Amino acid sequence: MKKYIFAILSAVALLGCADAKKQEKLLLDSVIAVHDKVMGSTEHLMKNKMILDSLIKHDSTIVNKDSAKVYLKLVDDADNAMSDWMHKFDAENKGKSHQEVMDYLADQKKKIIVIDSQINIAVNSSNKYLTTTTKK
């Protein structure tokens with residue numbers, strides 16, 4: 001009887017461990033999915049950054065270079081936020097409990113969603129500025 005109870009408890013413990021790892025993997029996958037979406041936007045961000053930088057340095061027809069500098073800063077800040085997040089992100093989470101991993105990943109997902117929004121704002125705003133500036 002004791003062996004039977006021990007076997008059941010061992011099976012439950014193993015299933016709980018597998019379930020915890022599955023939860024961690026699902027949350028990690030959702031963080032990575034947002035990251036991948038954001039990376040798709042960074043190409044456009046970098047394109048706008050190069051155009052803005054070029055306008056500021058080389059285009060004498062721009063009446064107000066301060067506006068271009070404002071949009072360049074917006075783009076730079078978004079780019080830097082993404083770079084900082086990527087350098088600090090730890091996908092391995094070695095030595096952490098299940099709850100610590102889940103808390104960390106949930107926090108990282110919130111952060112990357114904020115960065116996604118920041119990049120979208122920077123891209124959309126700089127697009128509007130560049131559209132009006134380059135058509136004049």
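What counts, and where the lines are drawn
Residues numbered from 1 in each chain as written. Predicted model: local features only at pLDDT ≥ 70, side-chain atom pairs only at ≥ 80, totals over all residues. Heavy atoms only, no water. Helix = DSSP H or I, 4+ residues; strand = E, 2+ residues; numbered from the N terminus. Buried < 20%, exposed > 50% of the residue type's maximum accessible area, 1.4 Å probe, protein only. Contact = heavy atoms within 4.5 Å. Areas by Shrake-Rupley, 256 points an atom, 1.4 Å probe, with all protein chains shown as cover. Salt bridge = Lys/Arg side-chain N within 4 Å of Asp/Glu carboxyl O. pLDDT = per-residue confidence, 0-100.

Trainee: So what exactly am I meant to see when it comes to the overall build of the protein chain here?
Mentor: A tally of regular secondary structure across the protein chain gives three helices and zero strands. Counting from the amino terminus, helix and strand elements in the protein chain follow one another as α-α-α. Put simply, the protein chain has 136 residues, and 29% of those count as buried. Within the protein chain, contacts between residues separated by at least 24 positions form 79% of all contacts whose residues are at least 6 apart in sequence. As presented, the protein chain carries roughly 9,300 Å² of accessible surface, and 61% of it is formed by carbon and sulfur atoms.

Trainee: Sorry if this is basic, but what is going on with the pattern of salt bridges here?
Mentor: Think of it this way: side chains of opposite charge can pair up when their charged atoms draw near. This model, assessed by the stated rule, comprises nine salt bridges. The salt bridge involving D53 is made with K57; its shortest N-O contact spans 3.3 Å. Note that D53 and K57 are positioned in helix α1 (residues 2-58) at a spacing of four residues, about one turn of the helix. Relative accessible area serves as the criterion here: at 55%, K57 is assigned to the exposed category. With its nearest N and O atoms 2.8 Å apart, the salt bridge here joins K73 to D77. You can see K73 and its partner D77 sitting in helix α2 (residues 65-88), four residues apart, about one turn around the helix. A cluster of three or more residues bridged by salt bridges with shared partners is formed by K49, D76 and D79.

Trainee: I tried to follow the confidence of the model for the protein chain on my own but got confused; where do I start?
Mentor: In low-pLDDT segments, the atomic positions of the prediction should not be examined closely. Counting all residues, the mean pLDDT for the protein chain is 85, and 80% of those residues have values of 70 or more. Per-element averaging of pLDDT across the protein chain places α1 at the bottom with 79 and helix α3 (residues 98-134) at the top with 94. Scored below 50 in pLDDT, residues 9-15 shows zero contacts in the model against residues more than four places distant or in partner chains.

Trainee: Mind showing me how you'd approach unusual backbone geometry here?
Mentor: Even without glycine at this site, N93 takes up a positive phi of about 55 degrees. On the basis of relative accessible area, N93 is assigned to the buried category, the value being 5%.

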